[in-house]
Amino acid sequence: MNNLYITYTPEEIELFKLLSPLKENLTATSKLIEISSKIPIFKDIPKTILIKILKDIKIIKYQTGEIIIKEGDEDETMYYILLGSVKVVKQNKLLTILQNGTLIGEMATLLKEKRTASIISATNNTTLISFKIDFNLFHTDLGYYFAIIYKNLSIELAKKLLKQNKQLIKN
């Protein structure tokens with residue numbers, strides 16, 4: 001006989017409760033939570049915590065040549081490439097092209113400084129999910145999770161630096 005009832009874990013029930021007041025952002029929030037395990041900076045962060053500390057979550061599509069991030073702008077939005085690719089350009093010089101599954105914009109967030117490069121869509125329908133981390137919650141009972149995010153951000157930036165160094169050596 002088929003079981004007609006679905007059993008949810010306490011964590012899933014808490015997640016549903018937290019999502020319910022976010023109806024206007026439910027699609028973007030749901031997508032971010034769904035893919036959070038693929039985003040390295042969210043490693044070891046429970047989904048219920050992500051719901052509390054992330055804000056301004058949006059899914060945005062760009063066409064080829066559209067500017068996503070402008071060098072010199074002040075903004076702490078991070079982006080995760082869901083589909084497509086982007087060019088990283090500094091002072092009108094192409095530095096690299098980034099593909100699906102790459103986090104961008106984390107440098108300005110971490111350093112709290114202006115954008116160090118421009119990000120331009122390299123393909124039609126480049127789809128990104130954008131979000132901000134509410135660092136005002138750092139000094140609350142959630143501080144432990146911010147330490148994990150900072151550690152994960154540091155690891156990701158170190159990996160990007162190593163990759164960039166290897167590209168420089170090749171050229």
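Every chain is numbered independently, its residues counted from 1 as its sequence is written. This being a predicted model, a pLDDT of at least 70 is required before a residue's local features are given, and a value of 80 or more before pairs of side-chain atoms are given or counted; all residues contribute to the totals for chains, interfaces and linings. For side-chain calculations, the full set of non-hydrogen atoms in the structure is used, while hydrogens and water are omitted.

Focus: the overall build of the chain
Then, in step 1: Numbering goes from the N terminus for both helices and strands, where a helix is a DSSP run of H or I of at least four residues and a strand is a run of E of at least two. When helices and strands are tallied, the chain shows five helices and eight strands.
Then, in step 2: Listed by position from the N terminus, the elements making up the chain come as α-α-α-β-β-β-β-β-β-α-β-β-α.
Then, in step 3: Only protein chains enter the accessibility calculation, which uses a 1.4 Å probe; a residue is then buried when its area is under 20% of its type maximum, exposed when over 50%, and partly exposed in between. For the chain, the proportion of its 171 residues judged to be buried stands at 39%.
Then, in step 4: By definition in these notes, contact holds between two residues if any of their heavy atoms fall within 4.5 Å. A fraction of 74% describes how many contacts in the chain between residues 6 or more apart in sequence connect residues 24 or more apart.
Then, in step 5: Accessible area of the chain: about 10700 Å², with a carbon and sulfur share of 55%. Working definition of accessibility: Shrake-Rupley area with a 1.4 Å probe, residue cover restricted to the visible protein chains.

Section: the pairing of strand β3 (residues 78-83)
Then, in step 1: Pairing of β3 with strand β8 (residues 126-133), which is carried by five bridges, proceeds in the antiparallel orientation. Its bridge partner being in β8, Tyr-80 is matched across the sheet by Ile-129.
Then, in step 2: Inspection of the sheet shows β3 paired to strand β6 (residues 103-104) by two bridges, in the antiparallel sense. Bridge pairing links Tyr-79 to Ile-104 in β6. At least two DSSP bridges between two strands are needed for those strands to be called paired.

Side note on the pairing of strand β5 (residues 93-98)
Then, in step 1: Two elements, strand β4 (residues 86-90) and β5, share five bridges in a ladder whose sense is antiparallel. By the bridge assignment, Val-88 is partnered in β5 with Thr-96.
Then, in step 2: Linking β4 back to β5 in an antiparallel pair, the connection comprises two residues, with Gln-91 at a positive phi of about 50 degrees.

A look at the pattern of salt bridges
Then, in step 1: Should a side-chain nitrogen of Lys or Arg be within 4 Å of a carboxyl oxygen of Asp or Glu, the pair is scored as a salt bridge. Going through the model one piece at a time under the given rule, you end up with eight salt bridges.
Then, in step 2: With a shortest N-O distance of 3.4 Å, Glu-34 and Lys-31 are connected by a salt bridge. Here Glu-34 pairs with Lys-31, and both are found in helix α2 (residues 26-35), just three residues apart, close to one helical turn.
Then, in step 3: Given a relative accessible area of 53%, Glu-34 falls into the exposed group.

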